[in-house]
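These are the residues of each chain, in order.
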Amino acid sequence: MSEHNSKKPQRLTRKERERREFLRTSALVAGITGFSLLQLVPTLSGAAPRLRPPGALDESEYLSSCIKCGQCVQVCPVEAVFLADMLDGQGQGAAYIDARNQACDFSCDGLQCVLACPTGALTHEINYSHETRMGLARLEQPGKCLAMQGEGFFGIARGEEYSGTLRFEEIDRWNPIPLNQHPFDLEVCDLCVRLCPIEIRRTQCDAGTPPSGDINQCPPKAAITLEKIEGEGSRVRYKPVVLEGCVGCGVCEMVCPTDEPAIVIDIRKQWPEDNV
Amino acid sequence: MRIIKYCINVMLGKRPAKTPPEKISEEAQALHQRKKDSGEIDKVKAREEHEIYRETHNKKWRKRRWFSILFINLLFVFSYALDIQMLEGALTASRFLGFHMADLNSALQVMLAFKTVLINLLIGFVTVLLMWLLLGGRTFCSWVCPYHLLSEWAETIHIKLVEKKIIKNHLFNRKARTWFYILFAVLAFGTGYTIFETISPTGILSRALIYGPTVALLWVLFLLTVEIFYSRRAWCRYVCPIGLTYGFVGAFSPMKVNYNAVNCHHEGDCRKVCLVPHVLEWTIKGRAPELNVELGPDCTRCGMCIDVCPTDSLNFRFKGLSKKR
């Protein structure tokens, strides 16, 4: 705006007004486009992967098909599912599970999150817990594992403060209870095996009482076991060994009583076929 | 049909033009002539009437609308928080008493990005399409969208600041929204990600209300700040593709705001309060092609114009049910 001669700002000509509007609009288009493209950065730069709920499609397909409504969050009985924030880029509003905080223990029995998903981001092609493949458990820190030291476990698995819940069918078939209300007294720590939802189902099936009386619920393959380690010393030591039936639900990571979990989930990792 | 095409073009950003005389009906021409002849005599009186009306009127539609926005969004919140399970999910997709619902724009983004349509999504899409086809399309914006409410409050502050000459309003070209619409569709199809969803204040707010506050709310706060200090209702007017999606639906809806030119003073108070004043160009003296004209599809059916009109010239009309005057 030229300010020669007059004190009053001159009224802009139509042409000048249009020129300014054009510049302003260009800035708006550039700004919004830039900011929206910025949301691709965390995704394309391969930021820390997230453990997704059961049935999640491959990561890029999962993110494109998820409509970010959180219906899966609402149906989960153990409240394991959360929606990611803006820092997750394209994952914003998409569901994830933080296993150490609260794992999926399949206590809904029917994969409620999958049933709730309106877009098939959690594929409707699976019906049972053992059909999911969220990842694979791995003994990351054998040195921390109590069983590897031949030690037992007595007390509350994650301490009084921990608020995670699990279903213990012998206590309440329908409602999960806080882990801190369920102390253990174990000669050898086998929490990762004992609380594994797949192993629990296999035990029930072996006893002739499959979950919901439905033999389809029976996992055909074992997920985890403790193997005796031959070695020196008087103590008997055991090693948790992850097997092909592991679905990566994260309960072992959640319940592992060491300060950092000795066993963790490798997100989206599949059982190597040549190992079968 | 021609008028629908014209109105859609205006929605997409075309400047409303003077109505050519040959397109004005005889009745309307007579009315325009009569008003022209009576001249400016009644101008002062009309202005007075408008001021009195503005101060005394109870803003009926605004009350109802605010109630609707709060009710629907709180129903989402309580369905989850209190586990009453009436309306599960968020505004992007939900289940109302078990029936699938999907926001049209969110569903379109997913379809473009994922390139597969699951039956549940299709059911939700069609249900919501039919619903807004009946209720007026952009009715979603002003009666449901939580950002609309915040933006309306921001607008009140903006107008006060402009009146006090502390700030100036800055207009953008309305075609920007059409460009954004194409851009976000192309981005979804091309990248395979629903990119608009990550910056949509509607989705961000809805999820934050239901699942707890997020960092993304800062983006919403930024948008509101821009709207308060720089450009009135900028997001809804110049950017949001959700509005345009519902706008297309509204073009074919029987639910419209009807303008009757007979008693109108042409004071333009309706255009001053309107989010999309280009739909009210008919109310300019000499523009109405008929005695009764429907407002264009960009109209959000918010009823603000009805609330400020002292002459009852603007009214909701459901084609086929409401009587013409």
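Conventions used here
- Residues numbered from 1 in each chain as written.
- Chains lettered and ligands numbered in written order.
- Predicted model: local features only at pLDDT ≥ 70, side-chain atom pairs only at ≥ 80, totals over all residues.
- Helix = DSSP H or I, 4+ residues; strand = E, 2+ residues; numbered from the N terminus.
- Expected span 1.5 Å × (residues − 1).
- Buried ≥ 20, exposed ≤ 12 C-beta atoms within 10 Å, placed from the backbone.
- Arc of directions from axis to C-beta.
- Contact = placed C-beta atoms within 7 Å.
- Pairing = 2+ DSSP bridges.
- Axes fitted to C-alpha atoms, helices over the stretch in contact; angles between N-to-C directions.
- Domains from an automatic or database assignment.
- Nonpolar A, V, L, I, M, F, W, Y, C, P; charged D, E, K, R; others polar.
- Core = buried A, V, L, I, M, F, W, Y, C linked by C-beta atoms within 7 Å.
- Parallel < 35°, antiparallel > 145°, perpendicular 65-115°, else oblique.
- Left-handed = near helix turned anticlockwise from the far one by under 90°.

What is the right way to read helix α9 (residues 175-191) of chain B from this model?
Every α-helix carries 3.6 residues per turn, so stepping three or four residues along brings you back to the same face. Given a rise of 1.5 Å per residue, 17 residues ought to cover 24 Å, and the 24 Å separating the end C-alpha atoms of α9(B) matches this to within 8%. Those residues of α9(B) that fall on the buried side of the exposure criterion are Ala176(B), Arg177(B), Phe180(B), Tyr181(B), Phe184(B), Leu187(B) and Ala188(B). Considered in projection along α9(B), the buried side chains sweep an arc of 145° and stay on one side of the axis. Exposed residues pointing more than 90 degrees away from the buried face of α9(B) are listed as Ile182(B), Val186(B) and Gly190(B). Among the structural elements, α1 (14-38) of chain A together with α5 (104-114), α10 (195-199), α13 (234-239) and α14 (241-251) of chain B are those in contact with the buried residues of α9(B). Immediately downstream of α9(B), the backbone of Gly192(B) shows phi near 80°, a positive value.

Would you take a moment to explain α14(B) for this structure?
Among the 11 residues of α14(B), nine are classified as buried, and the element is accordingly described as predominantly covered. By the burial criterion, the buried members of α14(B) are Pro241(B), Ile242(B), Gly243(B), Leu244(B), Thr245(B), Tyr246(B), Gly247(B), Val249(B) and Gly250(B).

Whenever I open this one, the sheet that holds strand β3 (residues 99-102) of chain B confuses me. Can you help?
Consider a sheet: its strands pair through backbone hydrogen bonds, and that pairing is either parallel or antiparallel. Residue and element names in this part refer to chain B. Taken in spatial order, the three strands of this open sheet run β1-β2-β3, and their pairing is antiparallel. Among the strands making up the open sheet, the edge pair consists of β1 (87-90) and β3. Taking each pair of neighbouring strands and ignoring which way they run, the sheet shows an average axis angle of 15°. Judged from the four bridges that link them, strand β2 (residues 93-96) and β3 form a sheet pairing that is antiparallel. When the bridges of β3 are listed, Arg95 appears paired with His100.

How do you make sense of the domain arrangement of chain B when you look at a structure like this?
Much of the literature gives interface size as the accessible area that the parts lose upon coming together. Partitioning chain B into domains gives domain 1 (2-57 + 260-318) and domain 2 (82-248). Relative placement of domain 1 of chain B and domain 2 of chain B: their C-alpha centres are 28 Å apart.

Explanation requested: the interface of chain A and chain B in the structure shown.
Taken together, the contacts link 36 residues of chain A with 46 residues of chain B. Counting residues per element, the ones that place at least two in the side of chain A that touches chain B are α1, α3 (59-65) and α4 (71-75) of chain A. Considering every element that reaches the side of chain A that touches chain B, the biggest residue donor is α1(A), with 10 residues. A class-by-class count of the residues in the side of chain A that touches chain B yields 14 nonpolar, 17 polar and five charged.

Where do I start with the nonpolar core in this structure?
Buried together is how nonpolar side chains tend to be arranged in soluble globular proteins. By size, the foremost hydrophobic cluster in this structure holds 146 residues, and its most contacted members are Val255(A) and Cys305(B). Of all the elements, α5(B) adds the most residues to this core, at seven residues. Residues from two domains meet in this core; each of domain 1 (2-57 + 260-318) and domain 2 (82-248) of chain B gives at least three. Residues contacting Val255(A), with those up to four places away along its chain left out, are Ala157(A), Leu179(A), Leu191(A), Cys192(A) and Leu195(A).

Honestly, the sheet that holds strand β5 (residues 292-294) of chain B in this entry has me stumped. Any pointers?
All names here are of chain B. Strand order across the open sheet formed by three strands is β5-β4-β6, with antiparallel pairing between neighbours. Pairing within the sheet leaves two strands with one partner each, and these edge strands are β5 and β6 (314-318). Geometrically, the sheet is characterised by an average inter-axis angle of 35° between neighbouring strands, direction not taken into account. In terms of strand pairing, strand β4 (residues 255-260) meets β6 through five bridges, oriented antiparallel. By the bridge assignment, Asn258 is partnered in β6 with Asn315.

Help me out: how do you make sense of the packing of helix α11 (residues 201-211) of chain B against helix α12 (residues 217-229) of chain B in this one?
Two quantities define a packed helix pair, namely the angle between the helix axes and the distance between the axes. Residue and element names in this part refer to chain B. For the pair α11 and α12, the least separation of the axes is 9 Å and the interaxial angle reads 130°. When the axis of α11 is compared with that of α12, the two are oblique. Both α11 and α12 take part in a crossing whose hand is left-handed. In this structure, α11 contributes Pro201, Ile204, Leu205 and Ala208 to the contact, and α12 contributes Leu217, Trp219, Val220 and Leu223. Its residues assigned to classes, the contact of α11 with α12 shows eight nonpolar, no polar and no charged.

Help me understand the environment of Ile263(A) in this model?
With respect to the helices and strands, the residue Ile263(A) is situated in strand β10 (residues 263-267). Not counting the four nearest positions on each side in its chain, Ile263(A) is found in contact with Ala137(A), Arg138(A), Leu139(A), Glu140(A), Cys192(A), Pro240(A), Cys252(A), Glu253(A) and Cys256(A).

I'm lost on unusual backbone geometry in this one. Help?
The general pattern is negative phi for most residues beyond glycine and trans for most peptide bonds. The backbone of Arg268(A) sits at a positive phi, close to 65°, despite the residue not being glycine. Using a count of 18 C-beta atoms within 10 Å as the deciding quantity, one classes Arg268(A) as partly exposed. Positive phi, close to 55°, is recorded for Gln85(B), a residue that is not glycine. Residue position: Gln85(B) is located in the loop between α4 (60-81) and β1.

What am I meant to see in the environment of Met255(B) here?
Residues and elements named next belong to chain B. With respect to the helices and strands, the residue Met255 is situated in strand β4. Of the residues examined, Met255 has 21 C-beta atoms within 10 Å and is grouped as buried. For Met255 and Leu321, which are 66 residues apart along the polypeptide, the C-alpha to C-alpha distance reads 9.8 Å. Apart from the residues within four sequence positions on either side, Met255 is in contact with Leu134, Leu135, Gly136, Thr139, Arg301 and Phe318.

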